[in-house]
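The primary structure of each chain is shown beneath.
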Amino acid sequence: MAVKVGKTNVARLLDKAKIDYELVAYEVDENNLAAVHVAEQLGENIAQVFKTLLLRGDKNGVFVCVVPGDAEVDLKLAAKVSGNKNAELLHMKELLPTTGYIRGGCSPIGMKKSFPTFIHASCMDFDYIYISAGTRGLQIKLAPGELVEYVKATVTELILQ
């Protein structure tokens, strides 16, 4: 039986921008919100399932990094590309008030306000990638170029090698 998937704000924004995407539901495990788990649920390559991380730079404030699900963001690299000297992950308690999203459901699209966004260069290796649809249990499958253009992202190196 097909699950009825409600449109999220992210999906509505993509509709408005006339961007092709697919909403893909997956089983949520409250004890395992990791992107690796999401990729397993989707039956997809973890390199194509991207997670959205929020960081705070010492000079320019909050910015967004979108990286492959099994990768760790390189804080020094992220600080450098965002014009900061140092950067750290935003504290969990700041995520919802800053973005409007909860952990495990944070999307680079449709945050409360627009933040500078950086997407790891590997996204361009694929015809499509997955990002959160703005809620746990739902992913958006879309062309990386469309995402980059829509969020006005900088495509760059961001992860520990």
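Look up: the structure comes first, before these words.
To keep things clear, this report deals only with the structure shown in the data block. (Residues numbered from 1 in each chain as written. Predicted model: local features only at pLDDT ≥ 70, side-chain atom pairs only at ≥ 80, totals over all residues. Heavy atoms only, no water.)

A short note on the sheet that holds strand β7 (residues 138-142)
Here comes step 1: Pairing is antiparallel in the open sheet, where three strands are placed in the order β1-β7-β6. The open sheet has two free edges, formed respectively by β1 (21-25) and β6 (129-132), since each of these has just one partner strand. Looking at each pair of strands side by side, their axes are set apart by 30° on average, direction ignored.
Here comes step 2: Direction of pairing for β1 relative to β7: antiparallel, over a ladder of five bridges. (Pairing = 2+ DSSP bridges. Helix = DSSP H or I, 4+ residues; strand = E, 2+ residues; numbered from the N terminus. Axes fitted to C-alpha atoms, helices over the stretch in contact; angles between N-to-C directions.)

Concerning the sheet that holds strand β4 (residues 87-89)
Here comes step 1: Strand order in the open sheet formed by five strands is β4-β2-β3-β5-β8, with mixed pairing between adjacent strands. Only two strands of the sheet have a single partner each, and these edge strands are β4 and β8 (154-156). Averaged over all pairs of adjacent strands, the angle between strand axes in this sheet comes to 35°, irrespective of strand direction.
Here comes step 2: Bridging between strand β2 (residues 50-57) and strand β3 (residues 61-68) involves eight bridges; their strand directions are antiparallel. Paired with G57 across the strands is G61, a residue of β3.

These values are about where atoms sit, not about what they do.
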